[in-house]
Amino acid sequence: MTGWFACWYAELRKAVLSPIVLLSAAGAALLAAVMGLYGFRHAYRHFKDGAPATYIDEPAGALWAAAQHSGTFVGLLVAGALAGALYAVECESGMWPSLLAARPGRARLLALKGAVALLLTTAFTVALAAVLFAAGSAAAGVTGFATSEGPGWGTAAMALARSLLVQALFVAVAFAAASLTRRTVGTMAATLGPVIVLAPIVGIEGIAPLHPQTWVAAWLRLPDEAQYALYLWTREPSPGTGTPGVAALLALAAAHLGVLALASRGDRLFRPAD
């Protein structure tokens with residue numbers, strides 16, 4: 001038992017002190033804050049006191065907004081950085097074979113790394129809520145403009161719970177990318193690339209119900225009026241009742257876990273990088 005507590009501590013320390021994680025988390029928080037302030041300014045200039053971007057001037061609204069961010073591009077960015085720091089860098093440096101020799105159980109070790117990554121994405125959501133609340137409070141103080149109908153704590157908690165499922169999907173995607181590329185930069189590119197490349201086709205008629213970004217949007221219940229003003233995620237047209245939803249998201253996560261399981265068994269992963 002003590003040994004696994006030591007493993008938890010080692011993985012947490014590795015991720016928290018990783019430059020790529022720190023830079024990515026800081027960049028993601030800055031991006032979210034800038035988008036929130038932009039949306040708040042737009043609402044202020046057009047007298048839209050019920051706009052979702054104005055919710056960040058209240059604690060519950062800031063948590064709700066942070067959950068939306070963590071379930072979209074910002075959360076995917078953080079998940080990619082964590083997979084790179086916890087797994088890809090060890091394959092890249094040749095440390096992965098030694099780690100397996102010291103801690104037998106490839107599946108358990110990968111599960112531990114995934115759990116640490118999911119824990120830290122959740123912690124990032126809470127920290128992001130504090131950042132957004134500070135930004136929203138400052139904007140409301142300067143403009144004297146505040147929302148009149150922000151979400152309550154129950155709505156914020158539900159948004160956070162829904163976001164956790166998407167974060168788990170993002171972690172599975174990122175670790176599958178790490179197992180295939182075995183490079184930190186490659187992990188980030190393979191994690192973020194498909195979302196960026198496939199974003200333009202969401203609006204094509206007939207494709208939207210089959211597009212993973214639509215499934216995510218439907219599950220998170222992303223508000224249309226907050227697109228590109230509060231969260232960064234393309235999913236036009238709006239998801240309808242025919243969207244596969246959570247079952248499709250779970251199937252997608254299972255598929256990436258299968259890729260991870262198969263790729264991590266290859267001997268080529270356990271050779272030091274050239």
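Above this text you will find the structure in question.
The shown structure was predicted, so the numbers you read here are calculated from the model rather than taken from an experiment.

Caption draft 1: Local environment of unusual backbone geometry. Of note, phenylalanine 47 is a non-glycine position whose phi angle comes to about 55°, a positive value. Mapping phenylalanine 47 onto the fold places it in the loop between α2 (19-45) and α3 (59-70). Look at arginine 221: it is not a glycine, yet its phi comes out positive at around 60°. Within the element layout of this structure, arginine 221 appears in the loop between α9 (212-220) and α10 (246-263).

Caption draft 2: Quick peek at a nonpolar patch on the surface. Together, Ile196, Val197, Leu198, Ile201, Ile204 and Ile207 give the surface a local cluster of nonpolar side chains, amounting to about 480 Å² of exposed area. Relative to the helices and strands, isoleucine 207 is located in the loop between α8 (184-198) and α9. By relative accessible area, isoleucine 207 is classed as partly exposed at 30%.

Caption draft 3: Structural detail: the pattern of salt bridges. Throughout the structure, instances matching the rule amount to 4 salt bridges. For the salt bridge of glutamate 11 with lysine 14, the shortest nitrogen-to-oxygen distance reads 3.4 Å. Here lysine 14 and glutamate 11 lie together in helix α1 (residues 2-16), a separation of 3 residues that amounts to about one turn. For lysine 14, a relative accessible area of 27% puts it in the partly exposed group. A salt bridge links glutamate 90 to lysine 113, with the shortest nitrogen-to-oxygen separation between them at 3.1 Å. Of the two residues, glutamate 90 is situated in helix α4 (residues 73-93) and lysine 113 in helix α6 (residues 106-143); the sequence distance between them amounts to 23 residues. Relative accessible area serves as the criterion here: at 0%, lysine 113 is assigned to the buried category. Each of the salt bridges in this network shares a partner with another, and the network as a whole consists of Glu11, Lys14, Glu90 and Lys113.

Caption draft 4: Geometry of the packing of α2 against α4. Across the interface, α2 lies against α4 with an axial gap of 9 Å and an inter-helix angle of 175°. Taken together, the axes of α2 and α4 lie roughly antiparallel to each other. Where α2 approaches α4, its residues Ile20, Val21, Ser24, Ala25, Ala28 and Leu31 are matched on the opposing element by Val74, Leu77, Val78, Ala81, Leu82 and Ala85. Class assignment for the residues of the contact of α2 with α4 results in 11 nonpolar, 1 polar and no charged.

Caption draft 5: View of the nonpolar core. Among the nonpolar cores identified, the biggest contains 74 residues, and Tyr87, Trp96, Leu132, Phe175 and Trp233 are the most heavily contacted of them. For this core, the element with the highest residue contribution is α4, accounting for 14 residues.

Caption draft 6: Structural detail: the packing of α6 against helix α7 (residues 153-181). Axis separation between α6 and α7 bottoms out at 10 Å; the angle between their running directions is 135°. When the axis of α6 is compared with that of α7, the two are oblique. Handedness of the α6/α7 crossing: right-handed. Along the contact surface, α6 presents Lys113, Gly114, Ala117, Leu118, Thr121, Thr122 and Thr125, while α7 presents Leu160, Leu164, Gln167, Ala168, Val171 and Phe175. Partitioned by chemical class, the residues of the contact of α6 with α7 number 7 nonpolar, 5 polar and 1 charged.

Conventions adopted
- Residues numbered from 1 in each chain as written.
- Predicted model: local features only at pLDDT ≥ 70, side-chain atom pairs only at ≥ 80, totals over all residues.
- Heavy atoms only, no water.
- Helix = DSSP H or I, 4+ residues; strand = E, 2+ residues; numbered from the N terminus.
- Patch = residues over 30% accessible without salt bridge, like charges linked within 9 Å, V, L, I, M, F, W, Y side chains within 5 Å.
- Areas by Shrake-Rupley, 256 points an atom, 1.4 Å probe, with all protein chains shown as cover.
- Salt bridge = Lys/Arg side-chain N within 4 Å of Asp/Glu carboxyl O.
- Buried < 20%, exposed > 50% of the residue type's maximum accessible area, 1.4 Å probe, protein only.
- Axes fitted to C-alpha atoms, helices over the stretch in contact; angles between N-to-C directions.
- Parallel < 35°, antiparallel > 145°, perpendicular 65-115°, else oblique.
- Contact = heavy atoms within 4.5 Å.
- Nonpolar A, V, L, I, M, F, W, Y, C, P; charged D, E, K, R; others polar.
- Core = buried A, V, L, I, M, F, W, Y, C linked by side-chain atoms within 4.5 Å.
- Left-handed = near helix turned anticlockwise from the far one by under 90°.

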